[in-house]
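One letter stands for each residue in the lines below.
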Amino acid sequence: MEKLNFSISIACDKQKVWDTMLQPDTYKEWVAASWPDSFYKGHWTENENISFISEDGSGTLAHIESFVPYKFIFVKHIALLGAGGVEDRESEFAKNWIGISESYTFNSTSEGTELTINIETSDEWKKMFSDGWPGALSKLKAMCEQ
């Protein structure tokens, strides 16, 4: 697994960054900067599954392993989802995705909030994360600071 790290300073408090990142409507807006038409179904709750999907229901299924409000989230991807939300855990394509993890850490600073994203990914998905997260974080920052 490859480790990727992304970090951004946002000039507002952790609660605003957290809420903007996770509320369904604002999530759709900032994530669209890198992954258009993406949204989630489910609840940001520890030990729950959450789907990150597009309009046709395809995407990924993740398990929220840790959830500490306004501080930390850790998710592990457990399946790919085909059109209509059909789970795939058996194909080689899915096996390269399963086990990828993402953590989100929210730290207060004198200027506002430092948001850090740590990802462990297979080599096959490194480019998607490396290309996508900087633009998504830039959009999140702009939304929080407006």
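A quick note: this is a predicted structure, and the numbers were derived from the prediction, not measured.

> Whenever I open this one, the pairing of strand β7 (residues 101-109) confuses me. Can you help?
Side-chain positions along a regular strand alternate between the two faces of the sheet. Judged from the 5 bridges that link them, strand β5 (residues 72-81) and β7 form a sheet pairing that is antiparallel. Looking at the pairing, V75 lines up with E102 of β7. One ladder, built from 9 bridges, connects β7 with strand β8 (residues 112-121); its direction is antiparallel. The residue bridging T109 from the neighbouring strand is G112, located in β8. A loop of 2 residues connects β7 with β8, the two strands running antiparallel in sequence.

> Can you walk me through the pattern of salt bridges in this structure?
Any two side chains of opposite charge can pair, so long as their charged atoms come close to each other. Tallied over the full model, the rule gives 5 salt bridges. One salt bridge in this structure joins E29 and K139, with 3.9 Å as the shortest N-O distance. Residue E29 is found in helix α2 (residues 24-31), and its partner K139 is found in helix α4 (residues 123-145); the two are separated by 110 residues along the sequence. Close ionic contact of E87 with R89 constitutes a salt bridge, the shortest N to O distance being 2.8 Å. Residue E87 is classed as partly exposed on the basis of its relative accessible area, which comes to 45%.

> When you look at the nonpolar core in this model, what are you seeing that I'm missing?
One broad trend across soluble globular proteins is that nonpolar side chains are buried collectively. Of all hydrophobic cores here, the largest spans 39 residues; its most connected members are M21, W44, L115 and W133. Of all the elements, α4 adds the most residues to this core, at 8 residues. Residue contacts for L115: discarding those within four places in its chain leaves F6, S7, I8, V17, M21, Y104, T105, F106, L137 and L140. Ranked by size, the runner-up nonpolar core spans 6 residues in total, among them I53, L61, I78 and A79.

> I would appreciate a short explanation of the packing of helix α1 (residues 14-22) against α2 in the present structure.
Contact geometry of α1 with α2 gives a least axis separation of 5 Å together with a crossing angle of 80°. By the angle class used here, α1 and α2 are roughly perpendicular. Contacts between α1 and α2 involve D19, T20, M21 and L22 from the first element and P24, T26, Y27 and W30 from the second. For the contact of α1 with α2, the per-class residue count stands at 5 nonpolar, 2 polar and 1 charged.

> Explain the packing of aromatic side chains to me, please; I cannot follow it from the model alone.
Ring pairs (aromatic) are described by centroid distance and by the angle formed between their planes. Tallied over the full model, the rule gives 14 aromatic pairs. On the basis of an interplanar angle of 35° and a centroid distance of 6.3 Å, the ring pair of Y27 and F52 is categorised as tilted. You can see Y27 sitting in helix α2 and its partner F52 sitting in strand β3 (residues 49-53), a full 25 residues away along the chain. A relative accessible area of 8% means that Y27 is categorised as buried. Aromatic side chains Y40 and W44 sit 5.5 Å apart centroid to centroid with 75° between the ring planes, which places their arrangement in the edge-to-face category. Classification of Y40 as buried rests on a relative accessible area of 12%. By the ring-pair criterion, three or more aromatic residues cluster together here, those being Y27, W30, W35, Y40, W44, F52, Y104 and W133.

Each value, and the rule that gives it
- Residues numbered from 1 in each chain as written.
- Predicted model: local features only at pLDDT ≥ 70, side-chain atom pairs only at ≥ 80, totals over all residues.
- Heavy atoms only, no water.
- Pairing = 2+ DSSP bridges.
- Helix = DSSP H or I, 4+ residues; strand = E, 2+ residues; numbered from the N terminus.
- Salt bridge = Lys/Arg side-chain N within 4 Å of Asp/Glu carboxyl O.
- Buried < 20%, exposed > 50% of the residue type's maximum accessible area, 1.4 Å probe, protein only.
- Core = buried A, V, L, I, M, F, W, Y, C linked by side-chain atoms within 4.5 Å.
- Contact = heavy atoms within 4.5 Å.
- Axes fitted to C-alpha atoms, helices over the stretch in contact; angles between N-to-C directions.
- Parallel < 35°, antiparallel > 145°, perpendicular 65-115°, else oblique.
- Nonpolar A, V, L, I, M, F, W, Y, C, P; charged D, E, K, R; others polar.
- Phe/Tyr/Trp six-rings, centres within 6.5 Å; stacked < 30°, edge-to-face > 60°.

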